[in-house]
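Spelled out from the first residue to the last, the chains are:
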Amino acid sequence: IGGGYGPTVEPEKFLEFLDFVCLGEGDECILGMVISKDPREVNNVAWLENGKLLYNKLAKGVNLNEAAYPNWDLDNKYMVEDNAIKSFEDVYDITAYDIFASRGCPAGCTYCMASHWNDMYGKYGAGISGIRLRSPESVIDELLIAKEKYNLGFVRFKDSIFGFNEKWFYKFMDLYDEEIGLKFFCYLDERFIDEDRIKRLVSSGLDRTVVGIQSANEKIRKDIMKRNISDDGLVEYANLVVKYGMRLQYDIIGWNPFEDNNTLREGTKFLKRLPKGDLTGMFQLKVFHGSRLDSMIKERTPKPLSNKDYEYWAWIYQMIL
């Protein structure tokens, strides 16, 4: 069985080598597959029959406050990587705890499926909220259990954008300071954060974050990626992060077919305005089938540069930042 964004948007591709895939959320689906004598009776399950895709209706989104907490015990867990099977205890540090306080994303970037839940579910005649928040109490309860069980030293909030809801944010941080008090990491976004919340995060233990640039060209960032962030806004935000002493990583997505040597060259002028970071994440764009970016590429048919050109600018960007 398999699941995730890929199997949800391209089930036929994954069913070439899997028996079943889960479409959309898997919390209740995986339980159904364990309990049921026939996985074909379970909501959200898809399979191939005589070469034809068949699937059951998609259940409404799970109540995040009632969903089971992940089990990160090290025994009987394995990771497959580079054609090798590795024991979980050899590759995972359980004292650093990964947790989600939300599902979905309040942004609408064309290349990322985190905000496209309605698009994905709509393909199967279903609907789901594009962004959901757990209660502050639910997140704290999970962390308290993990803190006692795994001797935690660090927390990683893996939400696409943490703290976008101001009322939720301050209630949660009060509880976090009182009950947890560990250093942590989270993803922020200058469109959904302000200086007061940054100050509060730092005082509560945030010591590093990521500034998502994605494209060094403002027009492509806004028009193609649908990230409505100006160059000036990114510079101001990055300086704010540095002002409060946080370590900084920049993320950039390269290999974008809408970029050419002129836009990439122009991008260097903007990057030189940014404060230096500790790390730069240079990513190669992979286009999800059925994503909004996929549709744009099919409509406009941009001509990609050579791999050598993309690699050249990736190194230039790394050195500047």
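Bear in mind the structure is a predicted one, so any value in this text is a computation, not a measurement.

**Student:** Mind showing me how you'd approach the packing of helix α11 (residues 261-271) against helix α13 (residues 307-320) here?
**Tutor:** Where α11 contacts α13, the axes come no closer than 10 Å and their chain directions differ by 5°. Judged by the angle between their axes, α11 and α13 are roughly parallel. Judged by residue contacts, N261, T263, L264, R265, G267, T268 and L271 of α11 engage D309, W313, I316, Y317 and I320 from α13. Tallied by class, residues from the contact of α11 with α13 come to six nonpolar, four polar and two charged.

**Student:** Teacher, can you tell me more about the environment of I213 here?
**Tutor:** Along the chain, I213 falls in strand β11 (residues 206-214). Spatially, the C-alpha atom of I213 lies 10.0 Å from that of V235, the residues being 22 residues apart in sequence.

**Student:** Got a minute to help me understand the packing of aromatic side chains in this structure?
**Tutor:** Here a ring pair, both rings aromatic, is described through the centre-centre distance and the interplanar angle of the planes. Evaluation of the coordinates by the stated rule reveals 23 aromatic pairs. Where F157 meets F184, the ring centres are 5.8 Å apart and the plane angle is 85°; that geometry is what we call edge-to-face. Separated by 27 residues along the polypeptide, F157 in strand β9 (residues 154-157) and F184 in strand β10 (residues 184-186) bring together distant segments of the chain. F157 gets classed as buried once you look at its relative accessible area, which sits at 1%.

**Student:** In this structure, what is going on with the nonpolar core? I would like to understand it.
**Tutor:** Soluble globular proteins tend to pack their nonpolar side chains together in the buried interior. F157, F162, Y176, L201 and L271 are the most contacted members of the largest nonpolar core, which totals 57 residues. Ignoring anything within four residues of it in the chain, the contact list for L201 reads F162, F169, M173, F184, C186, L188, I193 and L206. By size, the runner-up hydrophobic cluster in this structure holds 14 residues, among which are C105, A107, A114 and I220.

**Student:** Looking at this structure, how should I read the packing of helix α6 (residues 136-150) against helix α7 (residues 166-179)?
**Tutor:** In helix packing, the relevant descriptors are the interaxial angle and the interaxial distance, both defined with respect to the helix axes. Between α6 and α7, whose axes approach to 9 Å, the crossing angle comes to 25°. Considering the angle they form, α6 stands roughly parallel to α7. Both α6 and α7 take part in a crossing whose hand is right-handed. Along its contact with α6, which presents P136, E137, V139, I140, L143, L144 and K147, the element α7 presents W168, K171, F172, L175, Y176 and E179.

Definitions and cut-offs
Along each chain, residues carry numbers from 1 onward, in the same order as the chain's sequence is written. Whole-chain, interface and lining totals are the exception, using all residues; otherwise, since this is a predicted model, local features are given only for residues with pLDDT of at least 70 and side-chain atom pairs are given and counted only at 80 or more. Hydrogens are left out, water is left out, and the side-chain values use all remaining heavy atoms of the structure. To get an axis, a line is fitted to the C-alpha atoms, and for a helix only the part in contact is used. The angle between two axes follows their N-to-C directions and goes from 0 to 180 degrees. Here a strand is any run of E in DSSP of at least two residues, a helix any run of H or I of at least four, and the numbering for each starts at the N terminus. By definition in this entry, angles of less than 35 degrees are roughly parallel, angles greater than 145 are roughly antiparallel, angles of 65 to 115 are roughly perpendicular, and the rest are oblique. It only takes one pair of heavy atoms within 4.5 Å for two residues to be counted as in contact. All residues other than Ala, Val, Leu, Ile, Met, Phe, Trp, Tyr, Cys, Pro, Asp, Glu, Lys and Arg, Gly among them, are scored as polar; the first ten of these are nonpolar and the last four charged. Only Phe, Tyr and Trp rings are paired, with Trp represented by its six-membered ring, and only when their centres lie within 6.5 Å; those with planes under 30 degrees apart are stacked, over 60 edge-to-face, the remainder tilted. Partly exposed describes any residue whose relative accessible area lies between the buried limit of under 20% and the exposed limit of over 50%, with all areas from a 1.4 Å probe on protein chains only and scaled to the type maximum. We call a set of buried residues a nonpolar core when its members are Ala, Val, Leu, Ile, Met, Phe, Trp, Tyr or Cys and they connect through side-chain atoms within 4.5 Å of each other. Take the far helix as the reference: if the near one is turned anticlockwise from it by less than a right angle, the crossing is left-handed, and if turned clockwise, right-handed.

Limitation: the analysis is restricted to geometry and does not speak to function.
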